[in-house]
Amino acid sequence: ITSNDAELINNILSKSDRLGDFCNAYFGIQTYDRKTYVSKSKISDDYQPVIDGGNIDTYVLKPSSEFVNYIAEAIKSGGSETVYRQERICIRQIGNIPIATIVPANIFTLNTIYNVYFKQQNSKIDLKFFLGFINSNLVRYFWKKNNSDEKKTFPKIKKEAILSIPIKSIKTTEEKAIQDEIIKNVTGILKLHEELKISKLPDKIEQIKTRIEHTDKRINILVYDLYKLNKNEIEIIENYQSNSKNA
């Protein structure tokens, strides 16, 4: 970490809460034997739709194609039903950076996913605000400078690192307006990815991909605006992102 990095990270942290101030992170279900208790079909009413890390991409949920036998004798850990009966953010366990999307209630997860959900059910903050942060260039930069697992093969995301993700404190009307704009754009990008799944025409696919890229850039800019980063600080993050992609 250079002195510029240290200064920028301190600036970010000084204006932030932690994701863990608002949310818990809960690791998915570990069964006693996957072959016995996870099935491609719903064998009985005890079987619940389940996903693993392969179903999660940035702002994308790939449909569940498996079911877990949700009975006490099948589950070694991660069996808290209330976690799975609510909308939440799911983050893949394997990756250099958090890869996250929204997962609706009643889809269970296996132990290749962290489930991020509100500590208090009546939270006034929209989960999409946190999702926009988790998938932003600013948080990816922060993550790699602070939490990156250096393993080249199967690097793992850790619970404590998820809970330490910085989330900008919202204190002014101006900041609230930017927060609302982030939520609006995250809602938009989630819808665009859904459209992309069902689009068949090449021109339409390209058009949607362009809109996704534009919306993603817009979310990144809004996150920078929240922190009031200057041009140099934004360049540090953007250059680091470009270098990481090209590495």
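Figured I'd write up the structure that's included with this text.

The rules we used
- Residues numbered from 1 in each chain as written.
- Predicted model: local features only at pLDDT ≥ 70, side-chain atom pairs only at ≥ 80, totals over all residues.
- Heavy atoms only, no water.
- Core = buried A, V, L, I, M, F, W, Y, C linked by side-chain atoms within 4.5 Å.
- Buried < 20%, exposed > 50% of the residue type's maximum accessible area, 1.4 Å probe, protein only.
- Helix = DSSP H or I, 4+ residues; strand = E, 2+ residues; numbered from the N terminus.
- Contact = heavy atoms within 4.5 Å.
- Disulfide = S-S within 2.5 Å.
- Pairing = 2+ DSSP bridges.
- Salt bridge = Lys/Arg side-chain N within 4 Å of Asp/Glu carboxyl O.

1. A closer look at the nonpolar core
Next up, step 1: Within the largest apolar cluster, 49 residues are counted, with the highest numbers of intra-cluster contacts made by Leu 19, Ile 89, Phe 130, Phe 133, Leu 138, Ile 162 and Ile 182.
Next up, step 2: In terms of residue count, helix α9 (residues 202-227) provides more of this core than any other element does, 8 residues in total.
Next up, step 3: Residues contacting Leu 138, with those up to four places away along its chain left out, are Ile 12, Val 223, Tyr 224, Tyr 227, Leu 229 and Ile 237.
Next up, step 4: In terms of nonpolar packing, the next biggest core, distinct from the first, is built from 13 residues, Ile 29, Val 50, Val 83 and Phe 108 among them.

2. Considering the state of the cysteines
Here a disulfide denotes a covalent bond joining the sulfur atom of one cysteine to the sulfur atom of another.
Next up, step 1: By the definition in use, this model includes 0 disulfides.
Next up, step 2: This cysteine, Cys 23, is not joined by any disulfide, and Cys 90 carries the nearest cysteine sulfur, 12 Å off.
Next up, step 3: Of the residues examined, Cys 23 reaches a relative accessible area of 1% and is grouped as buried.

3. Things to note about the pairing of strand β10 (residues 88-92)
Next up, step 1: Counting buried residues in β10 gives 4 out of 5 residues, a clear majority hidden from the surface.
Next up, step 2: Where β10 meets strand β11 (residues 100-103), 4 bridges bridge the pair, whose relative direction is antiparallel. Of the residues in β11, the one forming a bridge with Ile 89 is Ile 102.
Next up, step 3: Of the strand pairs in this sheet, β10 and strand β13 (residues 113-118) are connected by 4 bridges, and their pairing is antiparallel.

4. Examining the pattern of salt bridges
Next up, step 1: Within the structure shown, the criterion is met by 12 salt bridges.
Next up, step 2: Where Lys 168 meets Glu 175, a salt bridge forms, and the shortest distance between an N and an O atom there is 2.9 Å.
Next up, step 3: Note that Asp 180 and Lys 176 form a salt bridge whose closest N and O atoms lie 2.7 Å from each other. Here Asp 180 pairs with Lys 176, and both are found in helix α8 (residues 173-198), just 4 residues apart, close to one helical turn.
Next up, step 4: Residue classification places Asp 180 among the partly exposed residues on the basis of a relative accessible area of 38%.
Next up, step 5: The partly exposed category is assigned to Lys 176, whose relative accessible area is 39%.
Next up, step 6: What you see here is one network of salt bridges that share partners, running through Arg 34, Lys 40, Asp 52 and Glu 66.

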